[in-house]
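A closer look at the structure
In case you want the letters, here they are:
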Amino acid sequence: QVQLAESGGGLVQAGGSLRLSCAASGRTFSNNAMGWFRQAPGKEREIVAGISWSGGSTYYADSVKGRFTISRDNAKNTVYLQMNSLKPEDTAVYYCAASTMRAVAYYSYQYNYWGQGTQVTVSS
């Protein structure tokens with residue numbers, strides 16, 4: 001059974017940092033692009049960051065550019081999201097996803113495996 005398990009969420013004050021991890025099991029995703037999405041209450045799910053299969057290419061939403069860093073360790077079948085300088089508007093459930101593509105994928109329909117999500121709450 002293929003699973004993506006996110007961890008590392010929690011409550012943090014504005015300006016703080018968190019590191020999210022997404023561990024895959026059941027199959028390897030070393031040949032697949034991966035991504036992090038988030039969904040805040042009352043809002044649609046949006047992409048936060050994406051990374052190509054090799055880690056050589058990345059994408060960031062404008063709202064997180066310069067603050068968040070996506071990375072991956074294919075040997076561990078794990079993808080990370082380092083989040084610095086967190087803001088209250090970053091509060092959301094964060095989801096890890098695996099794409100059908102090798103290149104960076106920008107849209108949710110390009111992802112076919114999803115984790116259950118981890119809550120990130122940033123207090124002001």
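Report on the accompanying structure. (Residues numbered from 1 in each chain as written. Predicted model: local features only at pLDDT ≥ 70, side-chain atom pairs only at ≥ 80, totals over all residues. Heavy atoms only, no water.)

**Thoughts on the overall build of the protein chain**
Where we set the bar: The way it works is that DSSP assigns letters per residue, a run of H or I at least four long becomes a helix, a run of E at least two long becomes a strand, and they are numbered from the N terminus. The classification of residues rests on relative accessible area computed with a 1.4 Å probe and restricted to protein chains. Under 20% of the type maximum is buried, over 50% is exposed, and intermediate values are partly exposed. Residue contacts are counted whenever heavy atoms from the two residues lie within 4.5 Å of one another. In this tally, Asp and Glu contribute negative charge and Lys and Arg positive charge; neither His nor the terminal groups of the chain are included. Charge positions are represented by NZ for Lys, CZ for Arg, CG for Asp and CD for Glu.
If you tally the helices and strands in the protein chain, you get zero helices and eleven strands. When its helices and strands are written in sequence order, the protein chain yields β-β-β-β-β-β-β-β-β-β-β. Overall, the protein chain is about 40 × 25 × 25 Å in size when its C-alpha atoms are taken along their principal axes. Expressed as a percentage of the 124 residues in the protein chain, the buried residues total 44%. Taking contacts inside the protein chain between residues at least 6 apart in sequence as the whole, the part at least 24 apart equals 59%. Measuring between centres, the 11 positive side-chain charges of the protein chain sit 6 Å from its 7 negative side-chain charges.

**Notes on the state of the cysteines**
Rule in force here: The disulfide criterion used throughout: a pair of cysteine sulfur atoms within 2.5 Å.
Counted under the stated rule, the structure contains one disulfide. Sulfur-sulfur distance for the disulfide between C22 and C96 comes to 2.0 Å. The S-S bond linking C22 to C96 shows a torsion near -75 degrees; that makes this disulfide left-handed. You can see C22 sitting in strand 3 (residues 18-25) and its partner C96 sitting in strand 9 (residues 92-99), a full 74 residues away along the chain. For the pair shown, C22 and C96 are each scored as buried.

**Focus: a nonpolar patch on the surface**
Counted only if it meets this: Put simply, a patch holds well-exposed residues, over 30% relative accessible area, that have no salt bridge, with like charges counted together within 9 Å and Val, Leu, Ile, Met, Phe, Trp or Tyr side chains within 5 Å. Residue burial considers only the protein chains on display, and all accessible areas are found by Shrake-Rupley using a 1.4 Å probe. Criterion for a salt bridge: a side-chain nitrogen of Lys or Arg within 4 Å of a carboxyl oxygen of Asp or Glu.
Among the surface-exposed residues, Y106, Y107 and Y109 lie close enough to one another that they form a single nonpolar patch of about 400 Å² accessible area. Looking at where Y107 falls in the secondary structure, it is placed in the loop between strand 9 and strand 10 (111-114). The class of Y107 is partly exposed, set by a relative accessible area of 48%.

**Thoughts on the packing of aromatic side chains**
Applicable threshold: Between 30 and 60 degrees the pair is tilted, below 30 it is stacked and above 60 it is edge-to-face, where a pair is any two Phe, Tyr or Trp rings, Trp via its six-membered ring, whose centres lie within 6.5 Å. The rule for a charge over a ring is simple: NZ of Lys or CZ of Arg within 6 Å of the ring centre, and within 35 degrees of the ring normal.
One pass over the structure, following the stated rule, counts seven aromatic pairs. Ring centres of F29 and Y113 lie 5.5 Å apart, and the angle between their planes is 70 degrees; on these two criteria the pair is classed as edge-to-face. Here Y113 lies in strand 10 and F29 lies in the loop between strand 3 and strand 4 (34-39), a separation of 84 residues in the sequence. Residues Y111 and W114 carry aromatic rings whose centres are separated by 6.0 Å and whose planes lie at 55 degrees to one another, so their mutual orientation is tilted. Classification of Y111 as buried rests on a relative accessible area of 5%. Through a chain of ring-to-ring contacts, three or more aromatic side chains come together here, namely Y59, Y106, Y107 and Y109. When the ring centre of W114 is taken as origin, the NZ or CZ atom of R45, which lies over that ring, is 4.7 Å away.

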